[in-house]
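Structural features, examined
Here is what each chain is made of, one letter per residue.
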Amino acid sequence: MTSPWNPDEAREWMAWLQAMPPGELFNRAEAMTLAGQGTVCTYSRKVFIPLTKLCRDVCHYCTFAQRPSQLAAPFLDLSQVLDIARAGEAAGCREALFTLGDRPEARFAVARRWLADRGYATTLEYLADAAALVLKETGLLPHLNPGLMAAQDYAVLRPLSASMGLMLESASDRLCGKGMAHFGSPDKRPAARLQSIRLAGEASVPFTTGLLIGIGETRQERIEALLAIRDLHARYGHIQEVIIQNFRAKPGTRMVGAAEPSLDDHRWTIAAARLLLGPQMTIQAPPNLRAGELSDLIGAGVNDWGGVSPVTPDHVNPEAPWPHLEQLETQTEAAGRHLRQRLAIGPGHVRDLTRWVDPALQTAIRRAVDTRGLVRETQWHAGTGDEVPDAMPSLVTGRDPKIVVALGRVEQGEELDKVQIARLFTAEGRDFDHVRSFADELRRDRVGDTITHVVNRNINYTNICLYRCGFCAFSKGSTRRERGPAYNIDHAEIARRTREAWDRGATEVCLQGGIHPSYDGNTYRGIVEAVKAAVPQMHVHAFSPLEVHHGATTLGMSYKAYLADLKAAGLATLPGTAAEILSDDVRAIICADKVDTAQWLGVMRAAHAVGLKSTATIMFGHVETYEHWAEHLLQVRTLQRETSGFTEFVPLPFVHMEAPNWRRGETRSGPTWREAVLMHAVARIALDGAIPNIQTSWVKLGPDGAAAMLQSGANDLGGTLMDESITRAAGGQNGQIFDVPQMQALAARLGRPLRQRETIYGQPIGQMAYAD
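Comments concerning the overall build of the chain
- In terms of helices and strands, the chain carries 29 helices and 18 strands.
- Evaluated residue by residue, the chain yields a buried proportion of 61% over its 772 residues.
- Long-range contacts, defined here as pairs at least 24 residues apart, represent 77% of the contacts in the chain between residues at least 6 apart.
- Split by element, the accessible area of the chain, about 28,500 Å² in all, is 51% carbon and sulfur.
- Distance from the positive charge centre (82 side chains) to the negative charge centre (87 side chains) of the chain: 2 Å.

Structural data, given as structure tokens:
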């Protein structure tokens, strides 16, 4: 039979690894791990459901498989499955790990009878019902380890599980020979296991596999197994993690006297796996099988501990209890890593859910994770009025070398590229603290300690819109009645609100609305004229690039000519909304019929060319990635280098509660607190030397959240926003106005002065201004 790997390559790898001194090997592996995974080490909080301990195989190291006489029943019944799952859910678990023996009905009549009595022909049929029950009755995501499967089995079980797994264990046929570990175990034939792993790839199943070392194989054979896994992953992309598990000799087995692999041998294999599989692969080692030695495993290339249960034992290794999660965190931190929870599906596959997960499971997964694909670390959400999470000092001394280098480049006056900017968004622990403090130092150096704001009023003149942005809960057309009826206010009402705003001390009106089907370019000019006729001194900050695009195209004018016309009518500046994420692959998902990236930038370029300044925004925390955030910042920075027309950059966290696309299960639940802080800080760093002002949105973040951002690189509170309605329509709970006394109190709490500004950051003229 032809080997599924290249024997010459296996020998070359083996020679190279054997020639390397252990210290160099481990240093290379750890450096590669840090490069690909940063300072995070993950785990899954799981409950272990041993659906059956009967198995047709007789592996000579295994105590999981039992004889029928040793069991009260051949299988757990569905009520027992559900009891275990509910206990796990109550303890905060998110994964239901189903582990079971291979096809016990092929060997044991009692298994066949038990299944038949309940209407099942096979164990896999019963597993499907058990997984479906857990999905229906709990919030747990099943991970299935049922042994060998055919294509039709994957088709049935994929909609019922977030991921599946099958340990390759070894690619050596020799271990199936008489006297060896797998003799008498037909399902352990390497060709059969590799076939099953291949079929998982064809079925687009996120998949866990790995090696069991110390069962009689050689190091050369381990390399061959790793190469087989690597090649399957290169073809299908489905391997989410590779486990390097050490054999434990167990009483009652034929291998009770076999030597267990040493720690050094285990570390060598982990390091070999890391170097062979690359920096992006998740390498796992079970923490309960190396108690007290976790730092050594991390130093060899591990970045995941697998499933750890606070409820159930490790039924495969019952002699080795799981570490308490507090102990696991302490030991992980001592090794210079941050312990972070993941789901049963790994973060890399979470980031491409539509490819890897059945639609029935996608909503639950999206709502549980952050932009990286890891479990949200707190329950804070933008716009909800949630308390700001406490800042906990990090005990981890390790730093991400790439983040250190990136910040060093900024200190030297260099601009960061997309990869470096995206890396800053992964900051954890002391890296997070450093990014935040670095951004705040830049803020202090560039614009001082003064917090600025503008007194303004929002006038949203219509909520009727031709467009169907997936995230918009403001435009008429959603089913939420509490947003009120459709409206389209006339010029007289716009003028009245403008005069009222002026009388209350406003220097600016911000005018935006839906794209009403009756609107054309003349409509927007008329709105400007109505404001200027009511209060000639009022600064008109109006019209997103979408509205400008609509106005220009309906009149057959260029952006530049149309904007010049609006400027002549009294338009003074443009809000930089409708930017969302300046990447067309994201826009195709959340706002497919809106202006594209080039059009948004084209409007802003034209506005700046005719002397109209503008803001720039980003709406983040829905379907995009850190790379998209970095790309967006670079798009803004590049245009600013060309035009110098942006006055400020405004991060807008996605407020999810009433957003139609969130309600349909198509987005995440907004950014996490860590991500919201980092967006402000990284924006300050990435845009340094280009845009001097970073604004924080009290509407999205609340006063306490805004205060935190003002200590993370932001310097501006935006406007008092009388009558804010767009975030409120999305479910925002932070109010419609944040008046000057409230802003003064916030600034006083931070020990910093507050100054009223006009829209383009000058001192207001014609109204009573103050400086505090």
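Having seen the model, we can carry on.
Things to note about the environment of Leu652
- For Leu652, the position within the fold is in strand E16 (residues 646-653).
- The class of Leu652 is buried, set by a relative accessible area of 18%.
- C-alpha of Leu652 to C-alpha of Leu466: the two residues are 186 residues apart in sequence and 23 Å apart in space.
- In contact with Leu652, not counting residues within four places along its chain, are Thr617, Ile618, Met619, Phe620, Ser697 and Lys700.

Let's talk about the pattern of salt bridges
- If you walk through the whole model with that rule in mind, you get 49 salt bridges.
- The shortest N-O distance in the salt bridge between Glu414 and Arg409 comes to 2.8 Å.
- Here Glu414 falls in the partly exposed class, since its relative accessible area comes to 38%.
- Here Lys594 makes a salt bridge to Glu580, at a shortest N to O gap of 2.5 Å. Here Lys594, found in the loop between helix H22 (584-590) and helix H23 (597-609), pairs with Glu580, found in the loop between strand E14 (571-574) and H22; they are 14 residues apart in sequence, far enough to count as distant. Of the two residues, Lys594 and Glu580, both sit in the buried class.
- Three or more residues joined by partner-sharing salt bridges are found here, namely Arg340, Asp370, Arg372, Glu377, Glu428 and Arg674.

So, helix H18 (residues 491-503)
- Between its first and last C-alpha atoms H18 spans 18 Å; for 13 residues at 1.5 Å apiece the expected length is 18 Å, and the two agree.
- Every buried residue of H18 is accounted for by Ile494, Ala495, Arg497, Thr498, Ala501 and Trp502. Taken around the axis of H18, the buried residues stretch over an arc of 165°, which confines them to a single face. Opposite the buried face of H18, at more than 90 degrees from it, the exposed residues are Ala492 and Asp503.
- In this structure, the buried residues of H18 make contact with strand E11 (456-460), strand E12 (508-512) and helix H19 (521-534).

So, unusual backbone geometry
- Its identity as a non-glycine residue notwithstanding, Glu169 has a phi of 70°, on the positive side.
- Residue Ala578 is not a glycine yet carries a positive backbone phi of 65°.
- By the secondary structure assignment, Ala578 is in the loop between E14 and H22.
- For Ala578, a relative accessible area of 7% puts it in the buried group.

Quick word on the pairing of strand E1 (residues 40-52)
- By the criterion of burial, E1 is predominantly enclosed, with twelve of the 13 residues buried.
- Here E1 pairs with strand E9 (residues 338-342) via five bridges, running parallel. Its bridge partner being in E9, Ser44 is matched across the sheet by Arg342.
- Bridge analysis of E1 against strand E8 (residues 304-308) gives three bridges, and the strand direction is parallel. Each bridged residue has a counterpart across the sheet, and for Arg45 the counterpart in E8 is Val308.

Concerning the sheet that holds E12
- Read across the sheet, six strands follow the order E11-E12-E13-E14-E15-E16 without closing on themselves; strand pairing throughout is parallel. Every other strand in the sheet has two partners, leaving E11 and E16 as the edge strands with one partner each. Each adjacent strand pair in this sheet contributes to an overall mean axis angle of 30°, direction not counted.
- Against the sheet, H18 engages E11 and E12, with an angle of about 165° to E11.

Observations regarding the environment of Val595
- Mapped onto the secondary structure, Val595 falls in the loop between H22 and H23.
- Through-space distance from the C-alpha of Val595 to that of Trp502 is 33 Å; in sequence the pair is 93 residues apart.

Quick notes on the packing of aromatic side chains
- One pass over the full model with this rule turns up 17 aromatic pairs.
- The interplanar angle of 35° and the centroid separation of 5.8 Å between the aromatic rings of Phe425 and Tyr626 together place this pair among those described as tilted. One end of the pair, Phe425, is in the loop between helix H16 (418-424) and helix H17 (429-447); the other, Tyr626, is in helix H24 (residues 626-643), with 201 residues separating them in the sequence.
- Taking relative accessible area as the criterion, Tyr626 reaches 5% and is therefore assigned buried.
- The interplanar angle of 80° and the centroid separation of 5.4 Å between the aromatic rings of Phe620 and Trp629 together place this pair among those described as edge-to-face.
- These aromatic residues form a ring-pair network of at least three members: Phe75, Trp114, Tyr120 and Tyr126.

As for the sheet that holds strand E17 (residues 716-719)
- Spatially, E17-E10-E18 is the arrangement adopted by the three strands of the open sheet, whose pairing is parallel. In this open sheet, the two strands that pair with only one neighbour each are E17 and strand E18 (754-756). Strand-to-strand twist of the sheet, defined as the mean angle between neighbouring strand axes without regard to direction, takes the value 20°.
- In terms of strand pairing, strand E10 (residues 451-454) meets E17 through two bridges, oriented parallel.

Describing the packing of helix H21 (residues 559-569) against H23
- Running from N to C, H21 and H23 point in directions that differ by 50°, and their axes come no closer than 9 Å. Taken together, the axes of H21 and H23 lie oblique to each other. The two elements H21 and H23 cross, and the hand of that crossing is right-handed. Between H21, through Tyr559, Lys560 and Leu563, and H23, the contact on the second element is made entirely by Gln599, Gly602, Val603, Ala606, Ala607 and Ala609.
- Per-class residue counts for the contact of H21 with H23 are six nonpolar, two polar and one charged.

A few points about the pairing of E12
- Counting buried positions over the five residues of E12 gives five, a clear majority of the element.
- Side-chain alternation along E12 places Glu508, Cys510 and Gln512 on one buried face and Val509 and Leu511 on a second face that is also buried.
- Taken together, the five bridges between E11 and E12 define a ladder with parallel strand orientation. Paired with Asn460 across the two strands is Gln512, which belongs to E12.
- You can see the chain leave E12, run along H19 and come back into strand E13 (residues 539-542), and the turn it takes is right-handed.

Criteria and thresholds
- Residues numbered from 1 in each chain as written.
- Predicted model: local features only at pLDDT ≥ 70, side-chain atom pairs only at ≥ 80, totals over all residues.
- Heavy atoms only, no water.
- Helix = DSSP H or I, 4+ residues; strand = E, 2+ residues; numbered from the N terminus.
- Buried < 20%, exposed > 50% of the residue type's maximum accessible area, 1.4 Å probe, protein only.
- Contact = heavy atoms within 4.5 Å.
- Areas by Shrake-Rupley, 256 points an atom, 1.4 Å probe, with all protein chains shown as cover.
- Lys, Arg positive; Asp, Glu negative; His and termini not counted.
- Charge placed at Lys NZ, Arg CZ, Asp CG, Glu CD.
- Salt bridge = Lys/Arg side-chain N within 4 Å of Asp/Glu carboxyl O.
- Expected span 1.5 Å × (residues − 1).
- Arc of directions from axis to C-beta.
- Pairing = 2+ DSSP bridges.
- Axes fitted to C-alpha atoms, helices over the stretch in contact; angles between N-to-C directions.
- Phe/Tyr/Trp six-rings, centres within 6.5 Å; stacked < 30°, edge-to-face > 60°.
- Parallel < 35°, antiparallel > 145°, perpendicular 65-115°, else oblique.
- Left-handed = near helix turned anticlockwise from the far one by under 90°.
- Nonpolar A, V, L, I, M, F, W, Y, C, P; charged D, E, K, R; others polar.
- Right-handed = clockwise from strand over helix to strand, strands pointing away.

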